[in-house]
Amino acid sequence: ETGVTQSPTHLIKTRGQQVTLRCSSQSGHNTVSWYQQALGQGPQFIFQYYREEENGRGNFPPRFSGLQFPNYSSELNVNALELDDSALYLCASSLAAVNSHEQYFGPGTRLTVT
Amino acid sequence: AQSVTQLGSHVSVSEGALVLLRCNYSSSVPPYLFWYVQYPNQGLQLLLKYTSAATLVKGINGFEAEFKKSETSFHLTKPSAHMSDAAEYFCAVIGRGGSEKLVFGKGTKLTVNP
């Protein structure tokens, strides 16, 4: 059984650019959640996808968008990057959308915006 | 809305001493509660979870936590600290009844001194 993987590990972008981060869910999981963890803070919920549909969203602007594919892999897209978007982006997979009370996290993608 | 408060952003203990990391939750319904650990430059690893089966929950690496409804607390303990326990610890909550996101505390950084 493979765990949650994310790519790339690190990424440096310039303000105003766009970025795509990728996540491969744990085998058998149909739900993926994305979190942003700023330096020195706890993770903040961005959104969740269940069976390719958005299933909840946190307090993030529309320039944060996502996709979930039939094989349950996922992407997080961020447009018009701002300096404050610099953070560790974590994805987590789980088995069901309702009461998805056990989420398994990937190692994260460290995004730096200059 | 659910929230958690972690008391103490930094905790320092000696090797072999008791570890106590504090977490208080706020929820209108009995929640699911979790403790995650994050080692430097890594993702989050689930230590233990409370889902109402038992108020004293045992997790990995010798950690345990007790759910106390009267005190709205879910403190994490370990009888004897090991150098390898040095990491950042996050308490998190998910509400019952369909809430889909983990809400994290700000984290407590544990230092273990030889």
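Up top you'll find the structure we're talking about.
Here we summarise the structure given alongside this text. (Residues numbered from 1 in each chain as written. Chains lettered and ligands numbered in written order. Predicted model: local features only at pLDDT ≥ 70, side-chain atom pairs only at ≥ 80, totals over all residues. Heavy atoms only, no water.)

Some details on the overall build of chain A
Right, so step 1: If you tally the helices and strands in chain A, you get zero helices and eleven strands.
Right, so step 2: Tracing chain A from N to C terminus, the helices and strands come up as β-β-β-β-β-β-β-β-β-β-β.
Right, so step 3: Taken over the C-alpha trace, chain A has a radius of gyration of 13 Å; the compact-globule value for 114 residues is 13 Å, and the two agree within 12%.
Right, so step 4: Split into buried and exposed, the 114 residues of chain A put 50% on the buried side.
Right, so step 5: Taking all contacts inside chain A whose residues are at least 6 apart in sequence as the whole, residues at least 24 apart take part in 54%.
Right, so step 6: For chain A, the computed accessible surface area is about 5400 Å², with 49% contributed by carbon and sulfur atoms.
Right, so step 7: Charge centroids of chain A, computed over 7 positive and 9 negative side chains, lie 8 Å from each other. (Helix = DSSP H or I, 4+ residues; strand = E, 2+ residues; numbered from the N terminus. Rg over C-alpha atoms; globule rule 2.2 N^0.38 Å. Buried < 20%, exposed > 50% of the residue type's maximum accessible area, 1.4 Å probe, protein only. Contact = heavy atoms within 4.5 Å. Areas by Shrake-Rupley, 256 points an atom, 1.4 Å probe, with all protein chains shown as cover. Lys, Arg positive; Asp, Glu negative; His and termini not counted. Charge placed at Lys NZ, Arg CZ, Asp CG, Glu CD.)

Thoughts on the layout of surface pockets
Right, so step 1: Within this model, the largest pocket holds a volume of roughly 450 Å³.
Right, so step 2: In terms of lining residues, the largest pocket is bounded by 20 residues, among which G40(A), Q38(B), P40(B), E88(B) and K109(B) are the most central.
Right, so step 3: Tallying contributions element by element places strand β9 (residues 87-94) of chain B first for the lining of the largest pocket, with three residues.
Right, so step 4: For the lining of the largest pocket, a count of residues per class yields seven nonpolar, nine polar and four charged. (1 Å grid on protein atoms, 1.4 Å probe; cavity = no way out; pocket = protein on both sides within 12 Å on 5 of 7 lines; lining within 4 Å. Points joined across faces, edges and corners; volume = space filled by probe spheres on them. Nonpolar A, V, L, I, M, F, W, Y, C, P; charged D, E, K, R; others polar.)

Quick notes on the sheet that holds strand β3 (residues 19-26) of chain B
Residue and element names in this part refer to chain B.
Right, so step 1: Spatially, β1-β3-β8-β7-β6 is the arrangement adopted by the five strands of the open sheet, whose pairing is antiparallel. In the strand order of this sheet, the two ends are held by β1 (3-7) and β6 (56-58), each with one partner. Each neighbouring strand pair of the sheet contributes to a mean axis angle of 20 degrees, computed without reference to strand direction. (Pairing = 2+ DSSP bridges. Axes fitted to C-alpha atoms, helices over the stretch in contact; angles between N-to-C directions.)

Things to note about the nonpolar core
Right, so step 1: In this structure, W35(B), L47(B), L48(B), F74(B), L76(B) and Y89(B) are the most contacted members of the largest nonpolar core, which totals 27 residues.
Right, so step 2: Those elements giving two or more residues to this core turn out to be β2 (10-14), β3, β4 (32-38), β5 (44-50), β7 (64-68), β8 (73-78), β9 and β11 (108-113) of chain B.
Right, so step 3: When near neighbours in sequence (up to four residues on either side) are disregarded, L47(B) contacts W35(B), Y36(B), V37(B), G59(B), I60(B), N61(B), F63(B), L76(B) and Y89(B).
Right, so step 4: Ranked by size, the runner-up nonpolar core spans 20 residues in total, among them V19(A), V32(A), Y49(A) and F60(A). (Core = buried A, V, L, I, M, F, W, Y, C linked by side-chain atoms within 4.5 Å.)

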